[in-house]
Amino acid sequence: MYVYDEFDRTFVKERVNDFRGQVKRRLAGELTEDEFKPLRLMNGVYLQLHAYMLRIAIPYGTLSSKQLRMLGHVARKYDKGYGHFTTRQNIQFNWIKLEELPDAMADLASVGMHGLQTSGNCIRNITTDHFAAVAPDEIEDPRVWGEIIRQWSTLHPEFTFLPRKFKIAISAAKADRAAIRVHDIGLRLYENEAGEHGFEVMVGGGLGRTPFLGKTIREFLPKRDLLSYLEAVLRVYNQFGRRDNIYKARIKILVHEIGAEAFSKEVEAEWAQIKSGPLALDTITVADIVSRFQYPAYEALKDETEALESAKRDKQFETWYENSVAPHNQPGYAVVTVSLKPEGAPPGDATAEQMEKIAGLADRFSFGEIRVSHVQNLVLPHVAQRDLPELWRSLDALGVATPNVNLISDIISCPGLDYCSLANARSIPIAQGLTRRFRDLEKQRDLGPIHINIDGCINSCGHHHIGNIGILGVEKNGEEVYQIKLGGRSDSKAQLGELLGPAVPAGEIIDVVENIIDVYVELRKNPHERFVNVVHRVGLEPFKERIYAAH
Amino acid sequence: MPLIKDGRIVEDRFVRLDEEGPLPDVVPVLVPAERFLGNQAEYLAAKVPLGVLWPNNKRVSELEPYLGRLALIALHFPAFKDGRAYSQARILRERYKYKGELRATGDILQDQFLFLLRAGFNSFEVKKDADAAAFAEAAHRYSIFYQPTGDGRTTALRERLRRFHANKTSASVPDKEHAS
Amino acid sequence: MTSPLQQKFKVNGPVVVTANRTTDGIVIYRTANGWSAKIEDAAVAMTSTVALALLKDAHADSVYAIGSYVAPVEISESKEIVPGNLREKIRQAGPTFELPVSG
């Protein structure tokens, strides 16, 4: 966990005061809404259908128990008692009053949290692997680099008014758990043949109206050059990215229009000018950042095979253990995913009580640390294996131990038309309907990993382009209808899904998904062949036949 | 529209020329880029202080040969949200070492002052009188900066290291006294 | 960008002017001489001239209200004003599912 020092604390306080002044000017009529809007967006304040929404950054998805408790407090005091974890390791509150926002922000600032970089055309909250620093397949902690980028990009004087928002994700593991190829910049930290660690830099990934996977513009970037290279990319984008059309303003369009090679050339030319400047990261600077990351003082434990075996005699525990517990890089420890996807609930929502109690469990069982995953679940990253049965009982009592991680009911969904002023159709009720239809956990396990992603508009906050089953709600003649894509994936074999055919009415979408699943079960070679692999092996035809012949 | 230069509200001594019309020979002039680029020789030879109004979609590298002769470069912000001129300003100051007046024009609110200052601007055409009056306060809303830019403000990273070393030195003083 | 006042719109049925309140963001409706959080208080326009006049008044009050626009409504048999589409229904009545409840 990164510990803020007096500099960071002073900064977030100054930020709250700045925003307090802006709110005052707005309420006094000194700022028009047109003038105020970009200012509130710079602090994560949106206007939704029913109220303002406040989005709080959780940099690289790491929270302390103190911070999670504070989020619970904000949910209780300023909102309706719950919050929503998003697909970008943020949390949002849906019912905040503008006149109370400065106070809510002051409360958040007391634990080093803020809404900077969660909206507006700036470099957004840096995201990474939610298993960072505990995953056995990782070469080093990517959050160190996330923190370095976070500091550099905080209120950047040159890059706060970019053509459009800008998202950066980092992965340092073999498995990509951060969807780096669908970010404006994806950074893959790896070891080259000479044994040095550095970054593969991918640019121009993104979803939305025109989905693209990022293209590699530099195979290997030495760590010392990370910031100067990013500054060069951003400088090229800031000057030459399109500003004439909001739908063509993301960097992916620039990269696509001029070509990755020409783009890379521009970047390299700019970089050559600044690479040995003040952004070069010397070892002392990096060491200073690293020194403020606190790592747990793990006990010297052995893997608890016997105790776990006996606990597993409880079938419910065993099911949860097999599904929600992942290996840790320390012997005797485990990584626990806390499912925020109980049957029939909005994906990613947590009540104030759940936040407070999970914070308490983190204190007892996970060195006071919690992670937020981009699939809208929470993670307790440092749990001693001997504590798993007790932790499970507590999580179960809170309703957050549904053993459905990575299964069909672990749905990613945007808030959709129930909250969002951009949406054309609802998404949460579709997610709720699907989790009810597939409520049988045994059946879910039999189906294996299946990722369903649901969006209520083409902006694709719910990442439907990269869902194994991607559902996009659109409005047609005043009715909600849903398009389906199959075969998308966001892991290290990232791929965009393909459109199955014409949209289906809201009343049929649940049946249609079930039909798709039936086709998969009939066509899989064996129970281990995953849904997404079957789609890629057989193509869309068999699915089309079943869906559209019947309708 | 109030003009702030080097922290104070001042009279604008530059006369802004249109695309056409005569070139005054006694007062400082601010010339649109197109007009300047058509007749550089004439303007460079003029005896008055010379400024160029540069649009945000033209590379500032085109201005490089003339920087020594220019007393003013005005960069334009057609909208608050259009941040291209921040990059132009930093390139002029940090790469080409431009030392003259660098002015922000267009949709300028008090909430941009600090960004503009950090990017190297030292004068501002402000839309609202109230914002001009708030300049000194707005320019000091933050004391912590995370990025090194040409404005020379020290970054949090450097400051941390400096304090770290300072503490080490001061902490070692009592030890020496005890030792002696 | 065209300002909402310059937008041409046809009124094919009853409409109201709605916005969000600046202080807290809640949904409000233009009444004959002000605003109300209740749709039943809304001034209903049947012609574009009347709608435009309501919209003009709404925009004049831009400190109190954000993003005023014209939205369709229906008049029920019992003469109640009812939102005219799903989006407006959700704006008026809230999300279409039960909200999470904290203990």
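Above this text is the structure in question.
Residues numbered from 1 in each chain as written. Chains lettered and ligands numbered in written order. Predicted model: local features only at pLDDT ≥ 70, side-chain atom pairs only at ≥ 80, totals over all residues. Heavy atoms only, no water.

(A) Representation of the interface of chain C and chain A within the structure. Across the contact, 25 residues belong to chain C and 33 residues belong to chain A. Of the roughly 2300 Å² buried where chain C meets chain A, counting both sides, 63% is carbon and sulfur surface. Put simply, chain C and chain A have 0 salt bridges between them. Linking chain C with chain A are 9 residue pairs in polar contact (both at pLDDT 80 or more). Examining the composition of the side of chain C that touches chain A, we find that 4 residues originate from one element, helix 2 (residues 86-93) of chain C, more than from any other. Class assignment for the residues of the side of chain C that touches chain A results in 12 nonpolar, 9 polar and 4 charged. (Contact = heavy atoms within 4.5 Å. Buried area = accessible area lost by both parts, 1.4 Å probe. Salt bridge = Lys/Arg side-chain N within 4 Å of Asp/Glu carboxyl O. Polar contact = N/O pair within 3.5 Å; in protein donor to acceptor, adjacent residues only side chain to side chain. Helix = DSSP H or I, 4+ residues; strand = E, 2+ residues; numbered from the N terminus. Nonpolar A, V, L, I, M, F, W, Y, C, P; charged D, E, K, R; others polar.)

(B) Examining the interface of chain A and chain B more closely. Each partner contributes to the interface: chain A provides 50 residues, whereas chain B provides 35 residues. Buried surface at the junction of chain A and chain B, both sides included, amounts to about 3900 Å², of which 55% is carbon and sulfur. Of all residues in chain A, F7(A), P157(A) and F161(A) bury the most surface against chain B, accounting for 21% of the area lost on that side. Between the two partners, chain A and chain B, sit 13 salt bridges. When the shortest N-O distance is used, the salt bridge between R25(A) and D111(B) registers 2.9 Å. In this structure, the connection of chain A to chain B is made through 26 residue pairs in polar contact (both at pLDDT 80 or more). Mapped by element, the contributors of at least two residues to the side of chain A that touches chain B are helix 1 (6-27), helix 2 (33-41), helix 5 (142-153), helix 6 (226-240), helix 8 (260-274) and helix 9 (283-291) of chain A. The biggest single contributor to the side of chain A that touches chain B is helix 1 of chain A, with 10 residues. Considered class by class, the residues forming the side of chain A that touches chain B number 20 nonpolar, 12 polar and 18 charged.

(C) Region of interest: the sheet that holds strand 4 (residues 65-75) of chain C. Residue and element names in this part refer to chain C. Strand order in the open sheet formed by 5 strands is 3-2-1-4-5, with antiparallel pairing between adjacent strands. This sheet does not close on itself; its edge strands, each paired only once, are strand 3 (35-36) and strand 5 (81-83). Judged from the 2 bridges that link them, strand 2 (residues 27-30) and strand 3 form a sheet pairing that is antiparallel. Within strand 3, the position partnered with Y29 by the bridge is S36. With respect to the sheet, helix 1 (residues 48-60) is in contact with strand 1 (15-21), strand 2, strand 3 and strand 4, its orientation differing from that of strand 4 by roughly 150 degrees. (Pairing = 2+ DSSP bridges. Axes fitted to C-alpha atoms, helices over the stretch in contact; angles between N-to-C directions.)

(D) Molecular detail of the pattern of salt bridges. Residue and element names in this part refer to chain A. In total, this model carries 71 salt bridges over all chains according to the counting rule given. Of the charged contacts, one joins R143 and D141 as a salt bridge, the two residues approaching to 2.8 Å between their closest N and O atoms. Among the residues examined, R143 registers a relative accessible area of 1% and is labelled buried. With its nearest N and O atoms 2.9 Å apart, the salt bridge here joins E270 to R235. You can see E270 sitting in helix 8 and its partner R235 sitting in helix 6, a full 35 residues away along the chain. Across the pair, R235 and E270 agree in class, each one buried. (Buried < 20%, exposed > 50% of the residue type's maximum accessible area, 1.4 Å probe, protein only.)

(E) Spotlight on the sheet that holds strand 12 (residues 333-338) of chain A. Residue and element names in this part refer to chain A. Reading across the sheet, the 5 strands line up as 3-14-15-12-11 and stay open at both edges, with antiparallel pairing between neighbours. Sheet topology places strand 3 (62-64) and strand 11 (325-327) at the edges, where each strand pairs with a single neighbour. Ignoring strand direction, the axes of neighbouring strands in this sheet form an average angle of 35 degrees. Looking at chain direction, strand 11 and strand 12 are connected through 3 bridges and run antiparallel. Its bridge partner being in strand 12, A326 is matched across the sheet by V335.

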